[in-house]
Amino acid sequence: DEYTMKIVCMGAGYVGGPTMAVIAENCPHLCARQIAKVCTKNTIVVEKSTVPVRTADAVRRVLNCNDKGLDFQVLSNPEFLAEGTAIDDLEKPSRVLIGGGEDEAGQAAIAKLVSVYQNWVPAEQIITTNLWSSELSKLVANAFLAQRVSSINSISALCEATGANVSEISRAIGSDPRIGPKFLQSSVGFGGSCFQKDILNLVYLCETFGLDECAEYWHQVIKMNDYQKERFTKNMVSKMFNTATGKKVAILGFAFKKDTGDTRETASAFVCRDLVQERANLHVYDPQVKREQMMVEFDYTLNLSTKTEPDLEKLITTSPSAYDACDGAHAIAVLTEWDEFKTLDYQRIYDSMAKPAFLFDGRNIIDHAALREIGFEVYAIGKPWNKE
Ligand code: UDX
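Residues numbered from 1 in each chain as written. Predicted model: local features only at pLDDT ≥ 70, side-chain atom pairs only at ≥ 80, totals over all residues. Heavy atoms only, no water.

S.K.: What is the right way to look at the packing of helix α5 (residues 131-162) against helix α8 (residues 212-239) in this model?
M.R.: Direction vectors running N to C along α5 and α8 enclose 45°, while the axes themselves pass 9 Å from each other. Here α5 is positioned oblique relative to α8, judged by the angle of their axes. As for how α5 packs across α8, the hand of that crossing is left-handed. When α5 is examined against α8, the residues A143, F144, A146, Q147, S150, N153, S154, S156, A157 and E160 are found in contact with a partner set consisting of Y217, W218, V221, M224, N225, Y227, Q228 and R231. Here the contact of α5 with α8 is composed, by residue class, of nine nonpolar, seven polar and two charged. (Axes fitted to C-alpha atoms, helices over the stretch in contact; angles between N-to-C directions. Helix = DSSP H or I, 4+ residues; strand = E, 2+ residues; numbered from the N terminus. Parallel < 35°, antiparallel > 145°, perpendicular 65-115°, else oblique. Left-handed = near helix turned anticlockwise from the far one by under 90°. Contact = heavy atoms within 4.5 Å. Nonpolar A, V, L, I, M, F, W, Y, C, P; charged D, E, K, R; others polar.)

Here is the structure:
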């Protein structure tokens, strides 16, 4: 066979994809040199990581400079796995995208990777494109998803100002099949390792090609996300009689979404940072995130805003349960949509809190009418204040 059946995949992603060999290197060029060094036969190299567009070109040039007379084909095969559902996404992908060279050798390499996927993915779900379309599609997919969240979040601010209900709007517009119901859940802001990074990558690309209006368009998705996080904290402070100083605030949820312990770019860290700046005492509970991880994330978010907080360790307590976090608190902020927060004994929590007992729902996951019945003062993203 002209090419070895060994397919070298660059980038491990969340679970590595269907790789036979994974070389995880931060720099694709170094990675390419390493591959060229160890390979003894013609080889297909598959880019799995999200990369700047045209990385494959650079990788191919490095590889084909080898002095062994070997031919390397480079394919782009981005993964679309989401955290918490990665194995499911891998086993039942909505689509598999494979980009490769348009010449005969490139097409043969594509066919080979297609044949690997065909072991478990129906042929009609395998999309083949040229290299650059594939690389760019990964960025665009994440940018579009993030854009939907920012779009509905911008509407949540309007809802709060006007008395409309953002959940009703999501339902109303999402039932139009052209819009669809997914990624219309208004929240305190999107997080995770991919959305912001990929949009910034797209912004950079647009700027590189002098497409300033396009760059600004996509940048706005991130600005709206920042606005949403800041808006949430400002609202908390304003509702708590314009000061959080010395108040105990229970933070329920620190991960960037449920069913993961990942905290990268989590909205919770930004809300906590701003509350710490207001001198609130935070008691954070997350079912999966450990204190050390939280502190790493706080350091990162503080650095982003060039703020320092010498008393950080004192102002942030990590709690062993939601009940501990809420005991004696003036306010609760629900920042990750963990299922366990839906079924807590809120009467018990209310009884243990300072009054008035504020609850700020940044995920719209709790039954607000029932909370108000108990006596909570409830504020939720995109909902009319104190009524629904
Ligand atoms: C994302 C993409 O979905 C995935 O295809 C890609 O491979 C990697 O990036 P992930 O980062 O795991 O996956 O999380 P995702 O489920 O997309 O959520 C991202 C953020 O958006 C989370 O903070 C989530 O809470 C938020 N979100 C999502 C909303 O606020 N509202 C929604 O309606 C959906």
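S.K.: Is there a simple way to explain the side chain of S150 in this structure?
M.R.: Along the polypeptide, S150 turns up in helix α5. Classification of S150 as buried rests on a relative accessible area of 4%. When sequence neighbours within four positions are dropped, the list of residues in contact with S150 reads F190, V221, M224 and N225. (Buried < 20%, exposed > 50% of the residue type's maximum accessible area, 1.4 Å probe, protein only.)

S.K.: Whenever I open this one, the packing of α5 against helix α6 (residues 166-174) confuses me. Can you help?
M.R.: Think of two packed helices as two axes; the pair is described by the angle between the axes and how far apart they sit. Close contact between α5 and α6 brings their axes to 9 Å; oriented N to C, the two are set at 135°. Accordingly, the angle class assigned to the pair α5 and α6 is oblique. Crossing of α5 against α6: the hand is right-handed. Residue-level inspection shows I152, I155, S156 and C159 of α5 in contact with α6, the latter providing V166, I169 and S170. Of the residues assigned to the contact of α5 with α6, the class counts are five nonpolar, two polar and no charged.

S.K.: Looking at this structure, how should I read the pairing of strand β10 (residues 331-334)?
M.R.: Look at any regular strand and the pattern is simple: side chains alternate between the two faces of the sheet. The two faces of β10 match: A331 and A333 on one face and I332 and V334 on the other face are all buried. In this sheet, β10 lies alongside strand β7 (residues 248-252) in parallel orientation, the contact comprising four bridges. Bridge assignment links I251 to a residue of β10, and that residue is A333. As defined by bridge partners, β10 adjoins strand β11 (residues 358-361) across four bridges and the pair is classed as parallel. Counterpart to A331 in the pairing with β11 is F358. Between the parallel elements β10 and β11, the chain passes through helix α13 (residues 346-352) in a crossover that is right-handed. (Pairing = 2+ DSSP bridges. Right-handed = clockwise from strand over helix to strand, strands pointing away.)

S.K.: Is there a simple way to explain the site of the ligand in this structure?
M.R.: In the vicinity of the ligand lie 21 residues, with L81, E83, Q185, S187 and R363 positioned nearest. F80 places a main-chain nitrogen or oxygen 3.1 Å from an oxygen atom of the ligand. Between the ligand and G191 there is a distance of 2.9 Å, counted from an oxygen atom to a backbone nitrogen or oxygen. Protein contact buries 91% of the 670 Å² of open area that the ligand shows by itself. When residues of the shell around the ligand are assigned to their parent elements, the largest contribution, four residues, is made by α5. Across the shell around the ligand, the residue classes tally to twelve nonpolar, four polar and five charged. (Near = heavy atom within 4 Å. Polar contact = N/O pair within 3.5 Å; in protein donor to acceptor, adjacent residues only side chain to side chain. Areas by Shrake-Rupley, 256 points an atom, 1.4 Å probe, with all protein chains shown as cover.)

S.K.: Quick question: what am I supposed to make of the state of the cysteines here?
M.R.: A disulfide bridge is the covalent bond that connects two cysteines by way of their sulfur atoms. For the coordinates displayed, the defined rule picks out zero disulfides. In this structure C326 is a free cysteine whose sulfur lies 13 Å from that of C272, the closest cysteine sulfur available. In this structure C326 comes out as buried when scored by relative accessible area, which is 0%. (Disulfide = S-S within 2.5 Å.)

S.K.: Whenever I open this one, unusual backbone geometry confuses me. Can you help?
M.R.: One can expect most non-glycine residues to show negative phi and most peptide bonds to be in trans. The omega angle of the peptide bond from K355 to P356 is 0°, so this bond is cis rather than trans. Along the chain, P356 turns up in the loop between α13 and β11. For F183, which is not glycine, the phi dihedral falls at a positive 60°. In this structure, F183 sits in the loop between α6 and α7 (195-208).

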